[in-house]
Amino acid sequence: VQLVESGGGLVQPGGSLRLSCAASGFTFSIYYMRWYRQAPGKERELVAGINNLGGVTNYADSVKGRFTISRDNAKNTVYLQMNTLKPEDTAVYYCYTRITGVDYWGKGTLVTVSS
């Protein structure tokens, strides 16, 4: 199982970024996927989740209305569209899934929101 995030970077407040997570080594289309983030000095927190077919999503209150999670099962990829970014969104963003009781994480991609 491999999860590889990309798309992070430096963006000004109010800007947008789209993160991608390319998955391999398992049947992507049957598993729930999540994005987490960890800011400096803070615990890792759930940002958003999406079910296997993409019809059910959930979000942390702090990102509702600004972030959108989606997936393309043909490309084995899950996305996180982040709009109206705030300095408090600065964190390392991780892709996650759980397969038969085992947690799998990507290495993360850094998002920095600063002027």
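Residues numbered from 1 in each chain as written. Predicted model: local features only at pLDDT ≥ 70, side-chain atom pairs only at ≥ 80, totals over all residues. Heavy atoms only, no water.

Peer 1: What's the story with the pairing of strand β1 (residues 2-6) in this structure? I'm lost.
Peer 2: Sheet faces and side chains relate simply in a regular strand, where the side chains alternate between the two faces. Because side chains alternate across β1, one face comprises the buried residues Leu 3 and Glu 5, and the other comprises Gln 2, Val 4 and Ser 6, none of which is buried. In this sheet, strand β3 (residues 17-24) lies alongside β1 in antiparallel orientation, the contact comprising 5 bridges. Bridge pairing links Gln 2 to Ser 24 in β3. (Buried < 20%, exposed > 50% of the residue type's maximum accessible area, 1.4 Å probe, protein only. Helix = DSSP H or I, 4+ residues; strand = E, 2+ residues; numbered from the N terminus. Pairing = 2+ DSSP bridges.)

Peer 1: Explain the state of the cysteines here, please?
Peer 2: As used here, a disulfide is simply a covalent bond connecting the sulfur atoms of two cysteines. In the structure shown here, the tally under the stated rule is 1 disulfide. Note on cysteine connectivity: Cys 21 is disulfide-linked to Cys 95, with sulfurs 2.1 Å apart. Every disulfide takes its handedness from the sign of the S-S torsion; for Cys 21 and Cys 95 that torsion is -85°, giving left-handed. Of this pair, Cys 21 sits in strand β3 while Cys 95 sits in strand β9 (residues 91-99), placing them 74 residues apart in sequence. Overall, Cys 95 belongs to the buried group, its relative accessible area being 0%. (Disulfide = S-S within 2.5 Å.)

Peer 1: Even after reading the chapter, I still don't get the sheet that holds β1, so can you show me in this structure?
Peer 2: Hydrogen bonds between backbone atoms are what pair the strands of a sheet, whose relative direction is either parallel or antiparallel. Taken in spatial order, the 4 strands make up an open sheet running β1-β3-β8-β7, and their pairing is antiparallel. Each of the sheet's edge strands pairs with one partner strand only, and the pair in question is β1 and β7 (67-72). Strand after strand, the sheet turns through a mean of 15° between neighbouring axes, direction not considered. (Axes fitted to C-alpha atoms, helices over the stretch in contact; angles between N-to-C directions.)

Peer 1: I keep staring at the nonpolar core and nothing clicks. Help me out?
Peer 2: Inside soluble globular proteins, nonpolar side chains tend to come together where they are buried. Ranked by size, the top nonpolar core spans 29 residues in total, and within it Trp 35, Val 78, Leu 80, Met 82 and Tyr 93 carry the most contacts. Contributing elements (two or more residues each) for this core: β3, β4 (33-38), β5 (45-50), β7, β8 (77-82), β9 and β11 (109-113). Not counting chain neighbours up to four residues away, the residues in contact with Val 78 comprise Leu 19, Ser 20, Cys 21, Phe 28, Met 33, Trp 35, Ile 50, Ile 69, Ser 70, Arg 71 and Cys 95. (Core = buried A, V, L, I, M, F, W, Y, C linked by side-chain atoms within 4.5 Å. Contact = heavy atoms within 4.5 Å.)

Peer 1: What should I look at first to understand the pattern of salt bridges in this one?
Peer 2: When charged atoms on two side chains of opposite charge get close, those side chains can pair. This structure, assessed with the given rule, holds 5 salt bridges. Ionic pairing is found between Arg 37 and Asp 89, a salt bridge with its closest N-O pair at 2.9 Å. Here Asp 89 lies in the loop between β8 and β9 and Arg 37 lies in strand β4, a separation of 52 residues in the sequence. Note on accessibility: Arg 37 and Asp 89 belong to one class, buried. Note that Arg 66 and Asp 89 form a salt bridge whose closest N and O atoms lie 2.7 Å from each other. Linking Arg 66 in the loop between β6 (57-59) and β7 with Asp 89 in the loop between β8 and β9, this pair joins segments that are 23 residues apart in sequence. For Arg 66, a relative accessible area of 10% translates into the label buried. Connected through salt bridges with shared partners, the residues Arg 37, Glu 45, Arg 66 and Asp 89 form a single ionic network. (Salt bridge = Lys/Arg side-chain N within 4 Å of Asp/Glu carboxyl O.)

Peer 1: What should I look at first to understand the packing of aromatic side chains in this one?
Peer 2: Each aromatic ring pair is described using two quantities: the centre-to-centre distance and the angle formed by the ring planes. Using the criterion set out here, one finds 6 aromatic pairs in the structure. Ring geometry for Tyr 36 versus Trp 105: centroids 4.9 Å apart, planes at 65°, classification edge-to-face. With Tyr 36 in strand β4 and Trp 105 in strand β10 (residues 102-105), the pair connects residues that are 69 residues apart, well separated along the chain. Looking at Trp 105, the relative accessible area reads 36%, which means it is partly exposed. The ring of Tyr 94 carries Arg 44 above its face, with NZ or CZ at 3.8 Å from the centroid. The ring of Phe 28 carries Arg 71 above its face, with NZ or CZ at 4.3 Å from the centroid. (Phe/Tyr/Trp six-rings, centres within 6.5 Å; stacked < 30°, edge-to-face > 60°. Lys NZ or Arg CZ within 6 Å of the ring centre and 35° of its normal.)

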